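Residue-level structure breakdown
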Amino acid sequence: AWISDIRAGTAPSCRNHIKSSCSLIAFNSDHPGVLGIVPLQGQGEDKRRVAHLSCHSDLVTDFDFSPFDDFLLATGSADRTVKLWRLPGPGQALPSAPGVVLGPEDLPVEVLQFHPASDGVLLSAGGTSVKVWDAAEQQPLTELVAHGDLVQSAIWSRDGALVGTACKDKQLRIFDPRTKPQASQSTQAHENSRDSRLAWTGSREHLVSTGFNQMREREVKLWDTRVFSNALASLTLDTSPGCLMPLLDPDSGLLVLAGKGERQLYCYEVVPQQPALSPVTQCVLESMLRGAALVPRQVLAVMSCEVLRVLQLGDTAIVPIGYHVPRKSVEFHEDLFPDTAGCVPATDPHSWWAGDNQQVQKVSLNPACRPHPSFTSRLVPSMEPLPDTAQPAVMETPAGDVDASEGFSSPPSSLTSPSTPSSLGPSLSSTSGIGTSPSLRSLQSLLGPSSKFRHAQGTVLHRDSHITNLKGLNLTTPGESDGFCANKLRVAVPLLSNGGQVAVLELRKPGRLPDTALPTLQNGAAVTDLAWDPFDPHRLAVAGEDARIRLWRVPPQGLEEVLTTPETVLTGHTEKICSLRFHPLAADVLASSSYDLTVRIWDLQAGVDRLKLQGHQDQIFSLAWSPDGQQLATVCKDGCVRIYRPRSGPEPLQEGPGPKGGRGARIVWVCDGRCLLVSGFDSQSERQLLLYEAEALAGGPLAVLGLDVAPSTLLPSYDPDTGLVLLTGKGDTRVFLYELLPESPFFLECNSFTSPDPHKGFVLLPKTECDVREVELMRCLRLRQSSLEPVAFRLPRVRKEFFQDDVFPDTAVSWEPVLSAEAWLQGANGQPWLLSLQPPDMSPVSQAPREAPARRAPSSAQYLEEKSDQQKKEELLNAMVAKLGNREDPLPQDSFEGVDEDEWD
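Residues numbered from 1 in each chain as written. Predicted model: local features only at pLDDT ≥ 70, side-chain atom pairs only at ≥ 80, totals over all residues. Heavy atoms only, no water.

For the protein, the name recorded in an unreviewed UniProt entry is Coronin, with Colobus angolensis palliatus as its organism. Check the Sequence similarities (unreviewed entry) section of the UniProt entry for the protein; it says "Belongs to the WD repeat coronin family." (UniProt positions renumbered as here; feature names shortened; annotations may be inferred.)

Listed below in structure tokens is the structure:
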């Protein structure tokens, strides 16, 4: 019963991506504007073939089958039109042109649904507009107004008298379209403005909504239109990012919740009494869900007690999932299968609009009462007589009876409650900071200042921790990008392929990668920069040449299949994006720079840019947040360094002279936010470092340090705990290491790290990844041509059994936000929590007992006993003879006994 060998698309739409009539299935294919069409039931042993219907010039956002005519399909698109199609029977060619075209509208059509009682009445939504159409006249009957934002869902009540809408302004509205275009009732549905969906129950008094609460948890609510101020019941599920698609069967009251990108279905029973939402079962899927739909009740295997069937749309297959009620006798059970709405409309558009409320006549699902009357709509005339399969058919081989060898299993009958993940915060403690001993100060007065980290050594860790056999790396990423990014769990690496593919590698799974293609993120445009969310290790921000930022959600278990639909797409820039930087303290705040010469501050929770910084006269090379998150610094090709207070205004707070060379530059805050370090080029193309005082930017740099002549820009990686900065460029073999000071001499040189071959990127990992027992100050990842290897910078110490608290002060908890995006945008500030790196079983070296130095002097006997040259020669000769042995000693084989000659036979 599986329909395999399909290629489903992952369109950026919040609709179901798959629909079914009693005869056909339609789904979004991997080509924009094209739907896949396949028969619902197989014809004998013949394999069902997928036909492709070219519907629109742009993405198909939503589509719906007529509830009366199995072969009448309505499609809506981002090209702002609605089209009605007459689909042929099996073995016939698909139509090349639609029968009816509605529109064009002002905005892309997002929602589409046929009227449940009248043939030819259609509901559409696009932007803030919701229209009720008379498809036969190709004219709107009315337009429902008063939506304050994007309409996310619109749906008819079961009797077709009311329309419910869910909007991005968080309001749930009820309309009586034949009475007035304004909402008759409204209430706040969900506290979060993310995707919200609606589904009516069997009566006009109750409907279900799905959405997100303020904590970004998914929730389901049951509403009573007679008491609309509060939800009748509410259920919170989890914090998964995928929007919940409610699939509600009004006859049985069963509600299936399907989340996009997930591998689980939740089933609940909806009743008007408490408990109104009762869990029934959960079904674990074998592949990731891209879309879901219910099949009409007329095709259920009623003799097998199949009360519900869901079609799961996967990347390469459509999987039917049957819900069965165990019964002993093989007969028709009327208690499980009440009469359902038939296939003959109750009224026409003119009568319905005039106030006719007749309902569709119900029919029995008992096989003994079939066949039922069929209906062919006149909206789109048929070129040929429709085949007999147009009538609702009885399914002879239900999906629930598929052999287990085909890879399908029925949902479990036992109840499994959804779990809500919990997290435990780290225990915070403090130790003493870094100090300088009197003896070191006296040494500095004689020889000049030196860094306590000057003997730090960089070492490539064992090959067991490497990731090898990397293929197809994109080695031509823009100079404003580090080339790749990493957090404590995984690494994101752009690949050299069409569509801006990004490979995601698990650091916890080192070793040789397979020769086959890796699962990737299909960004859709060439990658210009990418960054992991510091507060959400599973969210990756990717900037593209198409001026869009895509936020991707990597599954907790890692990337196991190709992802083509991002969690969010941020649009606002008009030119290619240069750099991305997450806020160091506030969650869901991202800064981006672009070739349109602006810096935008994004609220990721709302998916919009809240602030725009101006004043740049040329390309923005780099940007960086201050440690307290209150200021943003940029370095620009126009030769200026700027500091902004984004919440105070769009213009820079300070400006100062930057590097004279225009080949590229980087900027980073150092010395607890008191200084700015800029790496760039001088007028002679020499790479140099410039250190600025943040409060006196106009006065120029405090110090300038020239390094070498090389073509690549130095990429600084700064460790605020030690004050050390790593500097290297793409294609370099050397990594410079300096300790930075806010006063003279400003730069203290330490040992540099040299590799035998050039690296393509070099990034710093979080401090918690360092092995403090080995006095590991920093751990980095080095990207080579075909491998990824960790590099540890360690400090030689004698008493390593103690925790070296003089080089490991309390570190900032950079993985937990201090503020929300809303709080920061409203002016709130905060400080990060601090965490001690001291292991529980180690004592700090500052409290270690002092050891008396052991004097290693030669014994007096060595001075009293003098030997002549002849004596030394004899001792040396005797030692050599002793090692070689006596030449006259018998050999081992001399002691072996021979055999008689007759024993050889």
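The subject of this paragraph is the overall build of the protein. A count of helical and extended segments in the protein gives 5 helices and 63 strands. Taking all 905 residues of the protein together, the buried fraction comes to 52%. Intrachain contacts of the protein at a sequence separation of at least 6 include 53% that bridge at least 24 residues. When the accessible surface of the protein is split by element, carbon and sulfur atoms take 49% of a total near 41,100 Å². (Helix = DSSP H or I, 4+ residues; strand = E, 2+ residues; numbered from the N terminus. Buried < 20%, exposed > 50% of the residue type's maximum accessible area, 1.4 Å probe, protein only. Contact = heavy atoms within 4.5 Å. Areas by Shrake-Rupley, 256 points an atom, 1.4 Å probe, with all protein chains shown as cover.)

Counted by the stated rule, this structure contains 2 cavities of 30 Å³ or more. The calculated volume of the second largest cavity comes to roughly 40 Å³. Every residue along the wall of the second largest cavity is listed here: Q152, A166, C167, K170, Q171, A189, H190, N192, S193, R194 and S196. (1 Å grid on protein atoms, 1.4 Å probe; cavity = no way out; pocket = protein on both sides within 12 Å on 5 of 7 lines; lining within 4 Å. Points joined across faces, edges and corners; volume = space filled by probe spheres on them.)

With antiparallel pairing, the 4 strands of this open sheet are ordered in space as β50-β51-β52-β53. Whereas interior strands pair on both sides, the edge strands pair on one side only; in this sheet they are β50 (666–670) and β53 (703–709). Averaged over all pairs of adjacent strands, the angle between their axes in this sheet comes to 20°, without regard to strand direction. In terms of strand pairing, β50 meets strand β51 (residues 675–681) through 5 bridges, oriented antiparallel. Bridge pairing in β51 places V668 opposite L677. (Pairing = 2+ DSSP bridges. Axes fitted to C-alpha atoms, helices over the stretch in contact; angles between N-to-C directions.)

Our focus in this paragraph is the pattern of salt bridges. Any two side chains of opposite charge can pair, given that their charged atoms come close. Summed over all chains, the structure comprises 49 salt bridges. Here K19 and D64 are joined by a salt bridge, their closest N and O atoms 3.9 Å apart. Linking K19 in strand β2 (residues 18–20) with D64 in strand β6 (residues 60–65), this pair joins segments that are 45 residues apart in sequence. In this structure, K19 and D64 share a single accessibility class: buried. Among the ionic pairs, D609 bridges to R600, the shortest N-O distance being 2.6 Å. Given the relative accessible area of 10%, R600 is considered buried. In the salt-bridge network here, residues are joined through shared partners; they are R15, K19, D62 and D64. (Salt bridge = Lys/Arg side-chain N within 4 Å of Asp/Glu carboxyl O.)

Spatial strand order, β38-β39-β40-β41: 4 strands in an open sheet with antiparallel pairing. One side of each edge strand has no neighbouring strand; the edge strands of this open sheet are β38 (527–533) and β41 (568–571). Direction aside, the axes of adjacent strands within the sheet are offset by 20° on average. Across 4 bridges, strand β40 (residues 548–553) lies against β41 in antiparallel orientation. Along β41, the bridge assignment pairs R550 with V569.

As annotated by UniProt and renumbered to match this structure, "repeat: WD" (unreviewed entry) occupies residues 53–87, 570–607 and 613–654. Taken end to end, residues 53–87 has its terminal C-alpha atoms 9 Å apart, with 0% of it in helix and 54% in strand.

This part is about the side chain of Q113. Note on placement: Q113 falls in strand β10 (residues 111–114). Reaching out from Q113, the side chain makes a polar contact with the backbone nitrogen of W156 at a distance of 2.9 Å. With residues near it in sequence (within four places) discarded, Q113 still touches D64, V121, L122, L123, A154, I155 and W156. (Polar contact = N/O pair within 3.5 Å; in protein donor to acceptor, adjacent residues only side chain to side chain.)

What follows covers the environment of P659. Mapped onto the secondary structure, P659 falls in the loop between β49 (654–657) and β50. In this structure the C-alpha to C-alpha distance between P659 and V641, which are 18 residues apart in sequence, comes to 8.6 Å. Sequence-distant contacts of P659, that is, excluding residues within four places in its chain, are made with V635, G639, A665, V678, G680, F681, L690 and Y692.

Looking now at the confidence of the model for the protein. Model confidence for the protein is summarised by a mean pLDDT of 84, while 87% of its residues fall at 70 or above. Contacts for the low-pLDDT stretch residues 385–447, under 50 throughout, to residues beyond four places or in other chains number 114 contacts. (pLDDT = per-residue confidence, 0-100.)

Turning our eyes to something else, we now look at the packing of aromatic side chains. Counting across every chain of the model gives 10 aromatic pairs. Ring centres of W156 and W352 lie 5.6 Å apart, and the angle between their planes is 85°; this geometry places the pair in the edge-to-face category. Of this pair, W156 sits in strand β14 (residues 151–156) while W352 is found in helix α1 (residues 349–353), placing the two residues 196 residues apart along the sequence. Looking at W352, the relative accessible area reads 2%, which means it is buried. Between the aromatic rings of F332 and F337, the centroid separation amounts to 5.9 Å while the plane-to-plane angle is 25°, which identifies the pairing as stacked. Of the two residues, F332 and F337, both sit in the buried class. Put simply, the rings of W156, W352 and W353 touch in pairs and so form one group of aromatic residues. Over the aromatic face of W815 sits the side chain of K488, whose NZ or CZ is 6.0 Å from the ring centroid. Directly above the aromatic system of F681 lies the positively charged group of R663, at a separation of 4.7 Å from the ring centroid. (Phe/Tyr/Trp six-rings, centres within 6.5 Å; stacked < 30°, edge-to-face > 60°. Lys NZ or Arg CZ within 6 Å of the ring centre and 35° of its normal.)

This brings us to the nonpolar core. Residues I18, I25, V256, L265, I318 and Y323 are the most contacted members of the largest nonpolar core, which totals 40 residues. Only β3 (24–28), β22 (244–249), β23 (254–259), β24 (264–270), β26 (291–294), β27 (306–313) and β28 (317–324) provide two or more residues apiece to this core. Among all residues touching I18, those that are not within four sequence positions of it are I25, A26, F27, F63, G291, A292, A293, L311, L313 and I318. F762, L795, V807 and M842 belong to the second largest nonpolar core, which has 22 residues in total. (Core = buried A, V, L, I, M, F, W, Y, C linked by side-chain atoms within 4.5 Å.)

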